[in-house]
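Observations on the three-dimensional arrangement
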Amino acid sequence: MRHNSNQTPPMLRMENVSKTFGGVAALSHVDLDVHEGEVLGIIGPNGSGKTTTVNAITGFIRPSGGRIYFKGKDITGKKPHKIADMGITRTFQIMRPYYSLPAFKNLVIPLFSPRARRTGGWRGGGNLGDRKTIAIDILEEIGFERDSYIPFKTTSTLPTGYLKRLELARCLALKPEILICDEIFSGLSMSEIASMVPLIERLQDDGITIVMIEHRLRELFQVANRVMVLNFGEKLVEGTPEEVMADDRVKEAYFGSEKIEEVMTYA
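Below you will find a few notes about this structure. (Residues numbered from 1 in each chain as written. Predicted model: local features only at pLDDT ≥ 70, side-chain atom pairs only at ≥ 80, totals over all residues. Heavy atoms only, no water.)

Here we take up the layout of surface pockets. Volume-wise, the largest pocket comes out at about 570 Å³. Sorting the residues of the lining of the largest pocket by element identifies helix 2 (80–86), strand 6 (88–90), helix 3 (105–111), helix 4 (114–119) and helix 6 (160–172) as the ones contributing at least two each. Considering each element in turn, the lining of the largest pocket owes the most residues, five residues, to helix 2. Split into classes, the residues belonging to the lining of the largest pocket amount to 12 nonpolar, six polar and six charged. (1 Å grid on protein atoms, 1.4 Å probe; cavity = no way out; pocket = protein on both sides within 12 Å on 5 of 7 lines; lining within 4 Å. Points joined across faces, edges and corners; volume = space filled by probe spheres on them. Helix = DSSP H or I, 4+ residues; strand = E, 2+ residues; numbered from the N terminus. Nonpolar A, V, L, I, M, F, W, Y, C, P; charged D, E, K, R; others polar.)

Structure (structure tokens):
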């Protein structure tokens, strides 16, 4: 687990956020602070409200109640492209690349965005230069082999591991301040996950604040500074991975009692 002692005001804040669908509460009065430079994990059983939380933050749904603030500005209900332009990007559990394009061209498109033009793109200094070169640079940073043909292959032919990395690369092309990863480890082999963990650590070292929805707890707890547990749309507990693992409410509500020791053990 990486450590972050940042005590500054939160970069992202949810205050009393609720969301109902047809009278069913997907989120109920959830409060959440995300501090600059940290990795925050969001866990919980299926249907607990994890993706609804991310969708509310990123503008894909409008909360039924409560407010969401980014760097002190109210972003509640703003359109997804407006929120992305402010510096919050996200991956999707169901990947959404441009399958008919070569992999690197998936990045050329966001590199033409207003945010990329303002920030200079990934590691840029104000001049985007050749977007193809920048796209290849980003892909190399997240694990594509520069001297191979893979960045030029049609996206639909790529295996899951590369598609997951491509999702990350598309976010990084916008030079985000907050990166939200929805099940980034899902569908990956153990060797692919083993290479993804140091990538997350490197992005944190680069100053990106990261929020991760994840079921792969061993890997999540290696990188997360804090963890929030949701259950039935409510925040059950929040704390360090060690504190969360020790909480009886988490053991009962999230994991059940049968294989708790096996599930909770992590490297």
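To continue, consider the pattern of salt bridges. Scanning the entire structure with this criterion turns up 13 salt bridges. Among the ionic pairs, Glu38 bridges to Arg226, the shortest N-O distance being 2.7 Å. One end of the pair, Glu38, is in the loop between strand 2 (24–34) and strand 3 (39–43); the other, Arg226, is in strand 9 (residues 226–231), with 188 residues separating them in the sequence. For Arg226, a relative accessible area of 17% corresponds to the buried category. (Salt bridge = Lys/Arg side-chain N within 4 Å of Asp/Glu carboxyl O. Buried < 20%, exposed > 50% of the residue type's maximum accessible area, 1.4 Å probe, protein only.)

Moving on: the environment of Met190. Looking at the element boundaries, Met190 is found in helix 7 (residues 190–205). Since its relative accessible area comes to 54%, Met190 is described here as exposed. Dropping the residues within four chain positions of it, Met190 is found in contact with Arg216 and Glu219. (Contact = heavy atoms within 4.5 Å.)

Turning next to the sheet that holds strand 1 (residues 12–21). One open sheet accounts for four strands, arranged 2-1-4-5; its pairing is antiparallel. Whereas interior strands pair on both sides, the edge strands pair on one side only; in this sheet they are strand 2 and strand 5 (73–74). Note: strand 4 (residues 65–70) against strand 5, two bridges, orientation antiparallel. In the strand pairing of strand 5, Tyr69 is matched with Asp74. Lying on the sheet, helix 1 (residues 50–57) is in contact with strand 1, strand 2 and strand 4; it crosses strand 1 at an angle near 115°. (Pairing = 2+ DSSP bridges. Axes fitted to C-alpha atoms, helices over the stretch in contact; angles between N-to-C directions.)

Moving on: the sheet that holds strand 8 (residues 209–213). Strand order in the open sheet made by the six strands is 6-7-8-3-9-10, with mixed pairing throughout. Every other strand in the sheet has two partners, leaving strand 6 and strand 10 (234–239) as the edge strands with one partner each. Direction aside, the axes of adjacent strands within the sheet are offset by 20° on average. Direction of pairing for strand 6 relative to strand 7 (residues 178–182): parallel, over a ladder of three bridges. Each bridged residue has a counterpart across the sheet, and for Arg90 the counterpart in strand 7 is Ile180. Sheet strands touched by helix 7: strand 3, strand 7 and strand 8. Its angle to strand 8, the strand with the most contacts, is close to 145°.

It is worth spelling out unusual backbone geometry at this point. For Asn16, which is not glycine, the phi dihedral falls at a positive 55°. Here Asn16 falls in the partly exposed class, since its relative accessible area comes to 39%. With phi around 55°, His29 is a residue other than glycine that occupies positive phi space.

Let's shift gears to the packing of aromatic side chains. Evaluation of the coordinates by the stated rule reveals four aromatic pairs. Seen from their ring centres, Phe60 and Phe92 are 5.5 Å apart, and the 90° between their planes marks the pair as edge-to-face. Separated by 32 residues along the polypeptide, Phe60 in the loop between helix 1 and strand 4 and Phe92 in the loop between strand 6 and helix 3 bring together distant segments of the chain. Over the ring of Phe92 we find Arg96, and its NZ or CZ is 4.0 Å from the ring centre. Directly above the aromatic system of Phe112 lies the positively charged group of Arg131, at a separation of 3.8 Å from the ring centroid. (Phe/Tyr/Trp six-rings, centres within 6.5 Å; stacked < 30°, edge-to-face > 60°. Lys NZ or Arg CZ within 6 Å of the ring centre and 35° of its normal.)

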